[in-house]
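Coordinates in review
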Amino acid sequence: MTALAALIRRDIKIALRVGGGALIGVLFFLTVVVLMPFALGPDLALLTRLGPAILWLGALLASLLTLDRLFMADHEDGSLDLIVMSRTPLELACAAKALAHWLAAGLPLVIATPALGLLLNLDATATSAVALTLLAGTPALTFTGMIGASLAVTLHRGGLLLAVLVLPLSIPVLIFGVAASEAAIMEPLSFGAPFSILCALSLVSFVIGPFAAAASLRYGLD
């Protein structure tokens with residue numbers, strides 16, 4: 001547990017450095033949300049109706065933007081080989097790295113959502129609902145994306161492959177995240193079903209993701 005805690009602290013410090021990647025995702029998320037009102041025009045009703053989908057789409061793209069740094073930097077400096085050969089189970093190490101990535105790059109998106117919701121004409125109830133669904137769903141984006149990042153880490157120009165692999169796996173999370181957000185705004189009684197499925201997707205990805213990523217790393221680095 002001490003080694004895993006040290007790995008989480010190390011990855012968070014690296015991600016929060018200038019050029020570490022965490023700030024890039026937040027700035028991209030901010031850019032998408034700020035530009036959308038200019039693209040859609042002054043129709044406030046349209047902005048309110050599309051607001052949850054815009055926030056979720058921005059979070060998905062921002063998460064995808066920083067996934068390539070999950071293993072790539074460790075592979076380039078040789079520390080990934082040490083992680084693979086250490087006595088700590090590789091599955092737990094992958095889970096720790098994904099958790100650190102979410103804390104540095106995913107959680108700030110959730111924190112920024114209430115402020116950005118004002119730009120999309122969302123009230124406090126709507127922004128709280130979207131933030132809650134992002135809190136439940138963004139871990140699924142990270143742990144699912146970890147599988148693609150582990151497959152792409154040993155390949156030349158693996159960034160394109162990462163997008164091709166991760167986007168189809170992220171579509172269910174996007175669908176139920178937007179559905180839960182809109183249900184909380186329009187029909188509060190139907191919020192439970194899509195939100196429960198969203199939480200289930202995060203739990204399933206938390207179980208499957210580390211094992212799939214560890215197997216991919218072992219095969220790719222041999």
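Below you will find a few notes about this structure. Not measured: the values here are computed from a predicted model.

Some details on the pattern of salt bridges
- As enumerated under the stated definition, the model contains three salt bridges in all.
- Between Asp11 and Arg10 there is a salt bridge; the shortest N-O distance is 2.8 Å.
- Between Lys97 and Asp11 there is a salt bridge, with its nearest N and O atoms 2.7 Å apart. With Lys97 in helix α6 (residues 90–117) and Asp11 in helix α1 (residues 2–16), this pair connects stretches of sequence that are 86 residues apart.
- Relative accessible area serves as the criterion here: at 2%, Lys97 is assigned to the buried category.
- On the basis of relative accessible area, Asp11 is assigned to the buried category, the value being 12%.
- Connected through salt bridges with shared partners, the residues Arg10, Asp11 and Lys97 form a single ionic network.

A short note on the nonpolar core
- Counting 29 residues, the largest nonpolar core has Phe29, Val33, Leu55, Trp56, Leu120, Leu134 and Val173 as its most contacted members.
- Those elements that place two or more of their residues in this core are α2 (22–40), α3 (44–66), α6, α7 (124–152), α8 (158–186) and α9 (192–221).
- Among the elements that make up this core, the one with the highest residue count is α7 (eight residues).
- Filtering out sequence-adjacent residues up to four positions away, Leu120 remains in contact with Val33, Pro37, Leu47, Thr48, Gly51, Ile54 and Leu55.
- One finds Ile8, Leu80, Cys94 and Val166 within the second-largest nonpolar core, a separate group that totals 26 residues.

Reading guide: rules and limits
- Residues numbered from 1 in each chain as written.
- Predicted model: local features only at pLDDT ≥ 70, side-chain atom pairs only at ≥ 80, totals over all residues.
- Heavy atoms only, no water.
- Salt bridge = Lys/Arg side-chain N within 4 Å of Asp/Glu carboxyl O.
- Helix = DSSP H or I, 4+ residues; strand = E, 2+ residues; numbered from the N terminus.
- Buried < 20%, exposed > 50% of the residue type's maximum accessible area, 1.4 Å probe, protein only.
- Core = buried A, V, L, I, M, F, W, Y, C linked by side-chain atoms within 4.5 Å.
- Contact = heavy atoms within 4.5 Å.

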